[in-house]
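Topology and contacts: notes
The residues making up each chain are set out below.
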Amino acid sequence: MRYALIVLGALVALVLVVVAVGAMLPVKHRASRQIKLHQPAESVFAVINDPASFPAWRGNVKGSKEIKVEILPDKGGHRMFRETGADGTILYEVESVVPNKRLVTRIADPSLPFGGRWTYAVLPEGDSTTLRITEDGEVYNPLFRFVSRFIFGHSATIEQYLRDVAKRFGEDSATVTEA
């Protein structure tokens, strides 16, 4: 019984330390990664700007039990879609589009413990294109903030997305770099 209480006390202390550290971390963060693809900018932009096709090539959508991207009616002139994947169900709003150059999406569900936006920059370089994604994220829950910062890393989802884009084009050896 005594050892069980010691173990329980240690676990409670560990959780309290994790929450305290998470509470000291900033709610907002910025992460940016990029990948160079041997594709024209128009082709890259067409792939990232077509949420209906995500289940065919996105790993975290494909790997979930329910593979689904639902295209919703526009709201205030902005495209909306709901994605069901490994991270659950998330509502997105397309904030702005500059064809073949820039796309900005944002999480449009205020009930989630996280939020923010992704800015996709499509940068042509001769016969190649660099796709740069910058996440301006927010993690509201201190426990999730700790996990996001120290366990998963703020850039993990961006890196997986970029690897998935590369695989979509058959470029499995493309390297994700810090932007």
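Scroll up to find the structure.
The following paragraphs examine the structure supplied in this document. (Residues numbered from 1 in each chain as written. Predicted model: local features only at pLDDT ≥ 70, side-chain atom pairs only at ≥ 80, totals over all residues. Heavy atoms only, no water.)

Right, let's get into the pattern of salt bridges. What the rule picks out here adds up to eight salt bridges. With a closest N to O distance of 2.6 Å, Arg30 and Asp136 form a salt bridge. On the criterion of sequence distance, the pair formed by Arg30 in strand β1 (residues 28-37) and Asp136 in strand β7 (residues 128-139) is long-range, its members being 106 residues apart. Here Arg30 falls in the exposed class, since its relative accessible area comes to 60%. Put simply, Arg106 and Glu95 hold a salt bridge, and the shortest N to O gap is 3.3 Å. Of this pair, Arg106 sits in strand β5 (residues 102-107) while Glu95 sits in strand β4 (residues 88-98), and the two are eleven residues apart along the sequence. (Salt bridge = Lys/Arg side-chain N within 4 Å of Asp/Glu carboxyl O. Helix = DSSP H or I, 4+ residues; strand = E, 2+ residues; numbered from the N terminus. Buried < 20%, exposed > 50% of the residue type's maximum accessible area, 1.4 Å probe, protein only.)

On to the sheet that holds β1, then. The antiparallel open sheet is built from eight strands, whose spatial order is β2-β3-β4-β5-β6-β7-β1-β8. Across the chains shown, the open sheet's two edge strands, defined by having one partner strand only, are β2 (68-75) and β8 (176-178). On average, each strand axis in the sheet is inclined to that of its neighbour by 25°, with strand direction left out of account. The pairing of β1 with β7 spans ten bridges and is antiparallel. In the sheet register, Lys28 faces β7, and the bridge partner there is Glu138. (Pairing = 2+ DSSP bridges. Axes fitted to C-alpha atoms, helices over the stretch in contact; angles between N-to-C directions.)

On the surface, a cluster of nonpolar side chains totalling about 570 Å² of accessible area is made up of Met1, Leu5, Leu8, Val12 and Leu16. Among the secondary structure elements, Leu16 is positioned in helix α1 (residues 2-24). (Patch = residues over 30% accessible without salt bridge, like charges linked within 9 Å, V, L, I, M, F, W, Y side chains within 5 Å. Areas by Shrake-Rupley, 256 points an atom, 1.4 Å probe, with all protein chains shown as cover.)

Moving on: the packing of α1 against helix α5 (residues 142-152). At a minimum axis distance of 7 Å, the contact between α1 and α5 shows a crossing angle of 80°. Judged by the inter-axis angle, α1 sits roughly perpendicular to α5. In contact with Val18, Val19, Val21, Gly22 and Ala23 of α1, α5 contributes Pro142, Leu143, Arg145, Phe146 and Phe150. In terms of residue class, the contact of α1 with α5 is built from eight nonpolar, one polar and one charged. (Parallel < 35°, antiparallel > 145°, perpendicular 65-115°, else oblique. Contact = heavy atoms within 4.5 Å. Nonpolar A, V, L, I, M, F, W, Y, C, P; charged D, E, K, R; others polar.)

Scope: geometric values only; no functional claims are made or implied.
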